[in-house]
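# Coordinate analysis (summary)
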Amino acid sequence: ATYSKAHNMLGQLDVADGRPEAALPRLERAVALDPQRRFEYFRRNLAEALISAGRFSDAADVLGEAVEQFPKSAALKSWLALVLAASPDPALWAPPRAVREARAAAALGGADPIHRLALAIALHRAERNAEALRMLTEARASGSKDPIGDAVEALVRRALGEDEAARKALAAAEAEIEPEDP
């Protein structure tokens, strides 16, 4: 396990340094050195590196396999839902599955608002915007207030025809973004 964890950590450092392509062999090796499938976060880290490298289809494949291997992982289900709902590649969009995975993540994740946010994004992609707005409200009630939630709210409210509310949500998102954020 020590070598697999070392490969995983070095891969994470490569991603943090903005070199996701360099991270991929290390993270793939970490996964390969974990044949008993004890470390679900190895798969999540590999998927994150693939996303950072713009390889969304590969990330969806890794996450799909990881969700099968770790069916009780709310984090993996949320990541898969986000790739299936929000990937820049429309060929990957699978709103019904994204909603299923995100709904399962929200159920497994307890009070963690990040899973409700993932569900709101999936519901928006599935054009179920009234439900998406309810999920955003639930996420905020459990403590989530960030510019991503406000941006999603702007998209949802625009889809619902609530243009003024959409502008306010977008303004809130912009106000929360710090100038030094990339």
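As the structure is a prediction and not an experimental result, all values here were calculated from the model.

Turning next to the overall build of the chain. Within the chain, the regular secondary structure consists of ten helices and zero strands. For the chain, the N- to C-terminal ordering of α and β elements is α-α-α-α-α-α-α-α-α-α. In summary, the chain has a C-alpha radius of gyration of 17 Å against a globular reference of 16 Å for 182 residues, a match within 12%. Considering only C-alpha atoms, the chain reaches an extent of 55 × 35 × 30 Å along its principal axes. Counting only residues that meet the buried cut, the chain has 42% of its 182 residues in that class. Within the chain, counting contacts between residues at least 6 apart in sequence, those at least 24 apart form 47% of the total. Total accessible area computed for the chain in this model is approximately 9,700 Å², and 55% of it derives from carbon and sulfur atoms. Charged side chains of the chain number 24 positive and 28 negative; the gap between the two group centres comes to 6 Å.

Another aspect to go through is the side chain of S4. In this fold, S4 is placed in helix α1 (residues 2–16). Looking at S4, the relative accessible area reads 2%, which means it is buried. When neighbours within four sequence positions are excluded, S4 is seen to be in contact with A30, L33, F39 and F42.

Next up on the list: the layout of surface pockets. Taken as a whole, the largest pocket holds about 280 Å³ of empty space. Along its surface, the largest pocket is lined by A75, S78, W79, L82, A86, I114, H115, L117, A118, I121, D146 and I148. Every element with two or more residues in the lining of the largest pocket is listed here: α5 (74–86) and α7 (113–125). Residue classes in the lining of the largest pocket are distributed as nine nonpolar, two polar and one charged. Roughly 150 Å³ of volume is contained in the second largest pocket. Together, V31, D34, P35, R37, R43, L46, D61, V62, E65, A66 and Q69 line the second largest pocket. If you list the elements that add at least two residues to the lining of the second largest pocket, you get α3 (40–52) and α4 (56–69). The element best represented in the lining of the second largest pocket is α4, accounting for five residues.

A separate point is the packing of α7 against helix α8 (residues 129–141). Packed helices, taken two at a time, are described by the angle their axes make and the gap between the axes. Remark: α7 packs on α8, axes separated minimally by 8 Å, with the N-to-C direction vectors making an angle of 165°. In terms of orientation, α7 lies roughly antiparallel with respect to α8. Classified by chirality, the crossing of α8 by α7 is left-handed. Counting all contacts with α7, which are made through P113, R116, L117, L119, A120, L123 and H124, the residues of α8 involved are N129, E131, A132, M135, L136, E138 and A139. Each residue belonging to the contact of α7 with α8 can be placed in one class, and the counts come to nine nonpolar, two polar and three charged.

The terminal C-alpha atoms of helix α10 (residues 163–176) lie 20 Å apart, and with 14 residues this matches the ideal 20 Å at 1.5 Å per residue to within 8%. Regarding α10, the residues found buried are A166, A169 and A173. All buried residues of α10 lie within an arc of 65° about the axis, which places them on one face of the element. Projecting away from the buried face of α10 at angles above 90 degrees are the exposed residues R167, K168, E174 and A175. In this structure, the buried side of α10 is in contact with α9 (147–159).

Right, let's get into the packing of aromatic side chains. Enumeration according to the criterion identifies three aromatic pairs in this entry. Here the aromatic rings of F39 and F42 are separated by 5.0 Å at their centres, their planes lie at 35°, and the arrangement is tilted. Each member of the pair, F39 together with F42, is buried. What links up through ring pairs into an aromatic cluster is the set F39, Y41 and F42. The side chain of R125 reaches across the aromatic face of W93, ending 3.5 Å from its centre.

Rules used throughout
- Residues numbered from 1 in each chain as written.
- Predicted model: local features only at pLDDT ≥ 70, side-chain atom pairs only at ≥ 80, totals over all residues.
- Heavy atoms only, no water.
- Helix = DSSP H or I, 4+ residues; strand = E, 2+ residues; numbered from the N terminus.
- Rg over C-alpha atoms; globule rule 2.2 N^0.38 Å.
- Buried < 20%, exposed > 50% of the residue type's maximum accessible area, 1.4 Å probe, protein only.
- Contact = heavy atoms within 4.5 Å.
- Areas by Shrake-Rupley, 256 points an atom, 1.4 Å probe, with all protein chains shown as cover.
- Lys, Arg positive; Asp, Glu negative; His and termini not counted.
- Charge placed at Lys NZ, Arg CZ, Asp CG, Glu CD.
- 1 Å grid on protein atoms, 1.4 Å probe; cavity = no way out; pocket = protein on both sides within 12 Å on 5 of 7 lines; lining within 4 Å.
- Points joined across faces, edges and corners; volume = space filled by probe spheres on them.
- Nonpolar A, V, L, I, M, F, W, Y, C, P; charged D, E, K, R; others polar.
- Axes fitted to C-alpha atoms, helices over the stretch in contact; angles between N-to-C directions.
- Parallel < 35°, antiparallel > 145°, perpendicular 65-115°, else oblique.
- Left-handed = near helix turned anticlockwise from the far one by under 90°.
- Expected span 1.5 Å × (residues − 1).
- Arc of directions from axis to C-beta.
- Phe/Tyr/Trp six-rings, centres within 6.5 Å; stacked < 30°, edge-to-face > 60°.
- Lys NZ or Arg CZ within 6 Å of the ring centre and 35° of its normal.

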